[in-house]
Amino acid sequence: MERNQTLCLWGLLLFAIAHLVGQIITYHTGMDGMYQIMEFFKNKTEGKTALENFLIFLFNNGRMIVLTMLLGLIPYLFLGILPLLINGLLFGGIYQVMVVAGEQSLWQYILTIGPHGLFELLGLVYMAAVSIKTSWHLGQKLRRQCAISMKELFLRLFASCVFVTMPIIVLSAMIEAYITPLILK
């Protein structure tokens, strides 16, 4: 358990660094690309019911979690961290556009992203940690230095995804679809 906590802390640190890098990249390359990304997501959800938005958010975030899980099946490469880093870059770019460029105040940004983003980040960091741990164990298994069976490794990864991370992602999607719009009114 202690190893998962350490990996989660490293994941949060890497997310924070990616967030800063996303801000810097957006600042130096111009904000047009980030506006296009934000417009894409706005068009996907605008004019839809809360239930439709919930399903869109659940699909997008669930896909990210499943990708993180699947990347953990590649021994030694620790690719499960990539979705976390990409999210950090995107949130950093959005922060740069919304707060630094004056589209929103910091408080509005926190109210917009915070309630659902906290759960989304929690789920993603946890899944990245489990993915990295699985990747390490699979590499050790290939070198015959791991006593855990392949079946147990796969079951742990799958159980972490389905029974721990996905409920957190469902909660995040519910907050994003039903509560965040109320906060923004």
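Residues numbered from 1 in each chain as written. Predicted model: local features only at pLDDT ≥ 70, side-chain atom pairs only at ≥ 80, totals over all residues. Heavy atoms only, no water.

Attention now moves to the overall build of the chain. Scanning the chain from N- to C-terminus turns up six helices and zero strands. Taking 2.2 N^0.38 as the reference for a compact globule, 185 residues should give roughly 16 Å; the C-alpha atoms of the chain span a radius of gyration of 18 Å, in line with that estimate. Counting only C-alpha atoms, the chain reaches 55 × 40 × 25 Å along its principal axes. Put simply, the chain has 185 residues, and 42% of those count as buried. Taking the intrachain contacts of the chain between residues at least 6 apart in sequence as the baseline, contacts between residues at least 24 apart amount to 80%. Total accessible area computed for the chain in this model is approximately 10,600 Å², and 71% of it derives from carbon and sulfur atoms. Separation between the mean location of the 12 positive side-chain charges and that of the 9 negative ones in the chain comes to 17 Å. (Helix = DSSP H or I, 4+ residues; strand = E, 2+ residues; numbered from the N terminus. Rg over C-alpha atoms; globule rule 2.2 N^0.38 Å. Buried < 20%, exposed > 50% of the residue type's maximum accessible area, 1.4 Å probe, protein only. Contact = heavy atoms within 4.5 Å. Areas by Shrake-Rupley, 256 points an atom, 1.4 Å probe, with all protein chains shown as cover. Lys, Arg positive; Asp, Glu negative; His and termini not counted. Charge placed at Lys NZ, Arg CZ, Asp CG, Glu CD.)

Summing up the model confidence of the chain, the mean pLDDT is 90 and the portion of residues at 70 or higher is 99%. Looking across the chain, the model is least confident in helix α2 (residues 32-45), with a mean pLDDT of 83, and most confident in helix α3 (residues 50-71), with 95. (pLDDT = per-residue confidence, 0-100.)

The next thing to look at is the packing of helix α4 (residues 82-100) against helix α5 (residues 106-142). Running from N to C, α4 and α5 cross one another at 180°; their axes reach a closest spacing of 12 Å. Classified by the interaxial angle, the pair formed by α4 and α5 is roughly antiparallel. Only Leu106, Tyr109, Ile113, Glu120, Leu121, Leu124 and Val125 of α5 make contact with α4, whose side of the interface consists of Pro83, Leu84, Asn87, Phe91, Ile94, Tyr95, Met98 and Val99. When the residues that make up the contact of α4 with α5 are grouped by side-chain class, the tally is 13 nonpolar, one polar and one charged. (Axes fitted to C-alpha atoms, helices over the stretch in contact; angles between N-to-C directions. Parallel < 35°, antiparallel > 145°, perpendicular 65-115°, else oblique. Nonpolar A, V, L, I, M, F, W, Y, C, P; charged D, E, K, R; others polar.)

Right, let's talk about the nonpolar core for a bit. Formed by 28 residues in total, the largest nonpolar core has its most connected members in Ile65, Leu84, Met98, Tyr109 and Met127. Among the elements that make up this core, the one with the highest residue count is α5 (10 residues). Not counting residues within four places of it along the chain, the set of residues in contact with Ile65 comprises Gly123, Leu124, Met127, Cys161, Thr165, Met166 and Ile169. (Core = buried A, V, L, I, M, F, W, Y, C linked by side-chain atoms within 4.5 Å.)

Even without a glycine there, the phi angle at Phe78 is positive, about 55°. Take Phe78: its relative accessible area is 30%, and that puts it in the partly exposed class. Although it is not a glycine, Arg144 sits at a positive phi angle of roughly 60°. One can find Arg144 in the loop between α5 and α6 (150-184). Overall, the relative accessible area of 77% leaves Arg144 in the exposed class.

Mapping Cys146 onto the fold places it in the loop between α5 and α6. Residue class for Cys146 comes out buried when judged on its relative accessible area of 13%. Spatially, the C-alpha atom of Cys146 lies 11 Å from that of Thr134, the residues being 12 residues apart in sequence.

Turning next to the packing of α5 against α6. Orientation of α5 relative to α6, taken along the N-to-C sense of each, is 170°, at an axis distance of 8 Å. For the element pair α5 / α6, the angle class is roughly antiparallel. Of the residues belonging to the contact of α5 with α6, the class tally is 19 nonpolar, 10 polar and three charged.

The terminal C-alpha atoms of α6 lie 47 Å apart, and with 35 residues this matches the ideal 51 Å at 1.5 Å per residue to within 8%. The largest bend along α6 reaches roughly 40° and is located at Thr165, with the proline Pro167 sitting one to four residues downstream. (Expected span 1.5 Å × (residues − 1). Bend = angle between axes of the 7 residues up to and from the residue.)

Moving on to the packing of aromatic side chains. On inspection of all chains with the given rule, the structure shows six aromatic pairs. Both rings, one in Phe40 and one in Phe41, keep their centres 5.4 Å apart while their planes meet at 70°; by these two values the pair is edge-to-face. What makes Phe40 partly exposed here is its relative accessible area of 47%. Ring centres of Tyr95 and Tyr109 lie 5.2 Å apart, and the angle between their planes is 75°; this geometry places the pair in the edge-to-face category. Taken together, the residues span a long stretch of sequence, with Tyr95 in helix α4 and Tyr109 in helix α5 at a distance of 14 residues. As far as burial versus exposure is concerned, Tyr95 and Tyr109 are alike and both buried. By way of ring pairs, the aromatic residues Tyr76, Phe78 and Trp136 are connected into one cluster. (Phe/Tyr/Trp six-rings, centres within 6.5 Å; stacked < 30°, edge-to-face > 60°.)

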